[in-house]
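# Residue-level structural notes
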Amino acid sequence: MTEELLHTARSAAANSQALNDPDFPLFHLAPPVGRLNDPNGLIEVEGTYHAFFQYTPTHPQKLVFWGHATSTDLTSWEHHDPAIAPDSRFDMHGAYSGTAIATPQGVELWYTGNYKDPDTGQREATQCLVTTPDLTHFTKEATPVIPAPPEGYTAHFRDPQVWQDHDSSYRMLIGAQRADGTGAAVLYRSLDLRQWELEGEISFPHAGGAFDSFGYMWECPNLVKLVDQETGALRDVLLFCPQGIRPQAPGFENVFACVYLVGELVGTQFVGCDGTFTELDRGFEFYAPQVFARSLSQLPTGDSPAPAVLLGWAGNAGEDDQPSIASGGWVHCMTSPRELVLRGGRLYQRPFLPGLPLRAADWGGTTLQPGAPFSVPELAGSRSWRLRLEVGASAPWRIHLGGEQGVSLRFDGATLVADRSSSRYPAGSPRTVELAAAPHAVEVIHDRSITEVFVDDGRTVFTLRSFLDATPGVRVDCEGDLALRAAQVARAD
């Protein structure tokens, strides 16, 4: 069955029109054909970044593989055969999300196998393993390592993250749904990566019950260690996607949310978290983020610390009807890679694109006048670029992408209004985001049909799919004097 499924995937990719689609991103990871969603198994080995991902090459048929792509600079991606095919009973209805861990023998890919009984519709969720000595040849374990959820949890039990702890044991974090229909995250521990003992559910002793009934399912949990740059303290940041929350706060307007908490994981207790949670990305499309796996030596306390680099899915569940389906037979892509930085308990996301470095523009230091739109000369004719502006403004100003069917990013004091209502994908009404203050720096990354906005070094981030007309480039206009104190640009085409 494996070869038959791989042949199906290869044939779909070989006949794909995606690369001929003018909306297909140049430096964001997108599927060679069909549908892409969650990033999986992110890991860097000997200078090569490996990104696996949920991949449905025969979309809308729901045959979910793990796709596989590599890059040495995080801007040029090479696709390979799928690493995991849904060829076993336990994953025949989807090789679902998970993570990677490096071992002395190579790399292990941990994922959730999904099976639905064709007669009853009853779901079975298992935690499964694929090993690879070289990230080219992949061997699936014949049976799941964790064959069922523990008592007290439903079959919505998925998305394992596996890592090595400082005592040399291993831990596994899994998103879960309790039997009473509320969301949670569960921890296991192992000495050998094969025999796993249930430790228990993550609890929040200082959160005042804020997470006791927080949504109906926690998807894609990811635990990340960072040093707070203001305090010097080593902290744990828990990323997860709580489905079904309705917080009384600005934001959280997408189908499902993605949030982070800051504290310290001690045993199964997440201490020091007072119940505060923050939305990770305020944009129209963002979900299921994952950080590239780091070994003990690569953690902030290790001998060779490495940055925490995140990829997210620039999409949402149930929102597949985008122009690229008709024009190229593909849908969705990843965000650009982002380095995570913790500062004063707040998570910042900075673009991490070594293959597309910024360079200073000689028009930095000028002042724009109202009624005189400024077209960035270095980006004339470009549909894939980076632009970073350091500004001083007392009146509203705007960055406009495309022509009449374009996207507007309007800054008015401490607010950002993103409006794509006149674009070729006008999904969602204009969205207003409250900022901490009037921005002093804004970076926009645009790649044909995806746009990411980073305000004040990534304190606030906004991701959106931006299907524009054929008008390339970008222009800036203002309603009062706008001081461009510094400017940097890069183009990818």
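The present account deals with the structure reproduced in this document.

This next bit is on the nonpolar core. Counting 43 residues, the largest nonpolar core has Leu226, Val237, Leu239, Leu280 and Leu347 as the members making the most contacts within it. Listed in part, the 35 residues of the second largest apolar core include Ile399, Phe411, Val474 and Val476.

Going through the model one piece at a time under the given rule, you end up with 30 salt bridges. In this structure, the salt-bridge partner of Arg189 is Asp167, at a minimum N-O distance of 3.5 Å. Separated by 22 residues along the polypeptide, Arg189 in strand β11 (residues 183–190) and Asp167 in the loop between β9 (153–164) and β10 (170–178) bring together distant segments of the chain. The partly exposed category is assigned to Arg189, whose relative accessible area is 23%. Overall, the relative accessible area of 53% leaves Asp167 in the exposed class. Here the salt bridges share partners, and the residues they tie into one network are Asp165, Asp167, Arg171, Arg189 and Glu199.

With respect to the element layout, Gly344 can be found in the loop between β21 (338–343) and β22 (346–351). For the pair Gly344 and Ser408, spaced 64 residues apart in sequence, the C-alpha to C-alpha distance is 31 Å. Those residues in contact with Gly344, other than ones at most four positions away along the chain, are Asp228 and Glu230.

Here we come to the pairing of strand β30 (residues 431–434). The two faces of β30 differ: Arg431 and Val433 on one face are buried, but Thr432 and Glu434 on the other face are not. Relative to β30, strand β29 (residues 415–419) runs antiparallel, the two sharing four bridges. Counted as the bridge partner of Leu416 is Val433 from β30.

The subject of this paragraph is the pairing of strand β1 (residues 34–45). Buried residues dominate β1, accounting for 10 of its 12 residues. Inspection of the sheet shows β1 paired to strand β20 (residues 330–331) by two bridges, in the parallel sense. Across the sheet, residue Gly34 finds its bridge partner in β20, namely Trp330. Across seven bridges, the pairing between β1 and strand β2 (residues 48–56) is antiparallel. Among the inter-strand pairings, Glu44 is bridged to a residue of β2, identified as Tyr49.

About the thresholds
- One numbering rule holds for all chains: residues counted from 1, following each sequence as written.
- It should be noted that, the model being predicted, local features are given only for residues of pLDDT at least 70 and side-chain atom pairs only at 80 or more, the latter also being counted only at that level, while totals for whole chains, interfaces and linings use all residues.
- As a convention, hydrogens and water are excluded, and side-chain values are obtained from all of the structure's heavy atoms.
- What is meant by a nonpolar core is a set of buried Ala, Val, Leu, Ile, Met, Phe, Trp, Tyr and Cys residues, joined one to another through side-chain atoms within 4.5 Å.
- A 1.4 Å probe rolled over the protein chains alone gives each residue an accessible area, and that area as a share of the maximum for its type sets the label: buried under 20%, exposed over 50%, partly exposed in between.
- For this document, the term salt bridge refers to a Lys or Arg side-chain nitrogen within 4 Å of an Asp or Glu carboxyl oxygen.
- The secondary structure listing takes helices from DSSP runs of H or I that are at least 4 residues long and strands from runs of E that are at least 2 residues long, numbered from the N terminus.
- Any two residues whose heavy atoms approach within 4.5 Å at even a single point are treated as in contact.
- Only strands joined by at least two bridges in the DSSP assignment are considered to pair.

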